[in-house]
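Notes for the structure review
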Amino acid sequence: MRIHVLPTKAFKTFAISLYAGVPLEEGTVTSTALVPFVLRRGTAAYPETTQFRERLEELYGAGFGFDVYKRGDYQIVQFRMDTINDSFVQSKESLLGESFAFLGEVLTRPALENGSFRSSYVATERETVRKKLEAIVNDKIRYAAERCIEVMCEDEPFRLHPLGQRSDLDGITPDNLYKSYQDWLNGAILDLYVVGDTTPEEVEQLVKRHFGRNSSETGQYSSRFTPVTVSGVRTVEEKLDVNQGKLNMGLRTSITYKDDNYASALMYNGILGGYPHSKLFVNVREKESLAYYASSRYDGHKGIGTIQSGIESQNYGKAVDIIRKQLDELKAGNISDLELSQTKAMIRNLLSEIQDSAFELISFDFNRQLSGKERTALELLDQVEGTGAEDVKAAAETFHLDTIYFLTGQKEE
């Protein structure tokens, strides 16, 4: 386990984040996603879910939660705790120490029966994950975004949803899930973060006591990246019962988080569709009234850009043309000073807000672990401020349209 301590007196709480990362793989993605749902139900010391929650209340209402997501070709489970700083309460025990005891127990001493997970917890949480996956299908904006990635990355682990696949859930039993949990815990790359009024020495002792692990540098995320060459644009149309067409596009770029020109790619995405002043919003939605929404995202860990828009199905051809025109405008360097300054202002706000949130500080630093790139928020801000139209144009030339995915209604025109 790698230990990262950001000592500060700026917050009245301790923020604790534990990241456990494993490669995204079809055979393990669903069981890995299900594990934290079962772990949150109870531990050896607090086997009933009510006891588990009461223990958090005893810790002055400490917050506990988790997320499961993907970064590049890794599946990440993140556990979070936030607990009040001891100096603000009359507590006999150290709340930081008690929080570590609780989190260590959640991770390493789950509630068991007959040597494996409790069957009732597994059955209930299987349904929880099933409902979450079904909710994506029911939310057509999310569904179209996921399908675009599935089509675009059909031969890559990145096609997998971090919550897994519904078809795998019925085959998961308490026994095989417990085995998966042990494999996951022993194989995951573990990064533990603490932000608050503490020291690396104190945290190291707490980790030894409550996790049975030492700080070490074992387990590294691979930052190897092979850009995908785009040979042609793939177009896929699917029909479902939708009133409004969902037009999504996927782009490939060679620029990732660890590159020196990452700031230029951030600026490119911001000017293309990241903000309300962006080209997609202004030209596709406002001027042409072609889309109910139009925006873009950039995944710096995977080297992928995506465009999302909601359109009337009969406007498909026109919408594709005008979106492609925006991509061409950026490649031609047709970028106004106003677009540059507004985008820099938006990114500046986002980067300065990081300093106001302990978990945002943690999240930003975790990008360093994933990418192997040493870069502070201030350094990134300097790079953004120094980015000109030519730099954005150079970044634009690396973004190539790979996939067009269109979800349209089943009704006959």
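So, a few notes on the structure that sits alongside this text. Predicted model only: the values in this text are computed from it and were never measured.

Moving on to the sheet that holds strand S4 (residues 74-84). In spatial order, the strands read S1-S7-S2-S4-S3; together these 5 strands make up an open sheet with mixed pairing. Since the sheet does not close on itself, it has two edges, and those belong to strand S1 (2-7) and strand S3 (63-71), each with one partner. Taking each pair of neighbouring strands and ignoring which way they run, the sheet shows an average axis angle of 15 degrees. Bridge analysis of strand S2 (residues 13-23) against strand S7 (residues 189-196) gives 7 bridges, and the strand direction is antiparallel. Residue pairing in the sheet places Tyr 19 in a bridge with Asp 191 of S7. Those strands touched by helix H7 (residues 174-187) are S2, S4 and S7, and its axis lies near 105 degrees from that of S2. Packing against the sheet, helix H13 (residues 358-371) makes contact with S1, S2, S3, S4 and S7, and its axis sits at approximately 30 degrees to S2.

Okay, helix H2 (residues 49-58) next. Of the residues making up H2, those classed as buried are Thr 49, Phe 52, Arg 55 and Leu 56. Buried residues of H2 fall within an arc of 120 degrees about the axis and therefore sit on the same side. Of the residues in H2, the exposed ones pointing more than 90 degrees away from the buried face are Thr 50 and Glu 57. Close packing links the buried residues of H2 with helix H1 (29-39), S3, S4, helix H3 (95-108) and helix H4 (119-138).

Even without glycine at this site, Asn 114 takes up a positive phi of about 55 degrees. Looking at where Asn 114 falls in the secondary structure, it is placed in the loop between strand S5 (112-113) and strand S6 (116-117). With relative accessibility at 80%, the residue Asn 114 sits in the exposed group. At Ser 289, a position not held by glycine, the phi torsion is positive, near 50 degrees. With respect to the helices and strands, the residue Ser 289 is situated in the loop between helix H10 (279-287) and strand S10 (291-299).

The next thing to look at is the pairing of S3. Taken residue by residue, a regular strand's side chains alternate between the two faces of the sheet. Where burial is concerned, most of S3 is hidden: 7 out of the 9 residues are buried. From the end of S3 to the start of S4, which pair antiparallel, there are 2 residues, and Gly 72 there has a positive phi angle of about 60 degrees.

Before going further, it helps to spend a moment on the pattern of salt bridges. This model, assessed by the stated rule, comprises 28 salt bridges. In this structure, Arg 252 engages Asp 402 in a salt bridge whose closest nitrogen and oxygen atoms are separated by 3.4 Å. Of this pair, Arg 252 sits in strand S9 (residues 245-252) while Asp 402 sits in strand S12 (residues 400-409), and the two are 150 residues apart along the sequence. Among the residues examined, Arg 252 registers a relative accessible area of 5% and is labelled buried. Each member of the salt-bridge network shares a partner with another, and the members are Asp 73, Glu 156, Arg 252, Lys 302 and Asp 402.

Cut-offs applied
Residues numbered from 1 in each chain as written. Predicted model: local features only at pLDDT ≥ 70, side-chain atom pairs only at ≥ 80, totals over all residues. Heavy atoms only, no water. Pairing = 2+ DSSP bridges. Helix = DSSP H or I, 4+ residues; strand = E, 2+ residues; numbered from the N terminus. Axes fitted to C-alpha atoms, helices over the stretch in contact; angles between N-to-C directions. Contact = heavy atoms within 4.5 Å. Buried < 20%, exposed > 50% of the residue type's maximum accessible area, 1.4 Å probe, protein only. Arc of directions from axis to C-beta. Salt bridge = Lys/Arg side-chain N within 4 Å of Asp/Glu carboxyl O.

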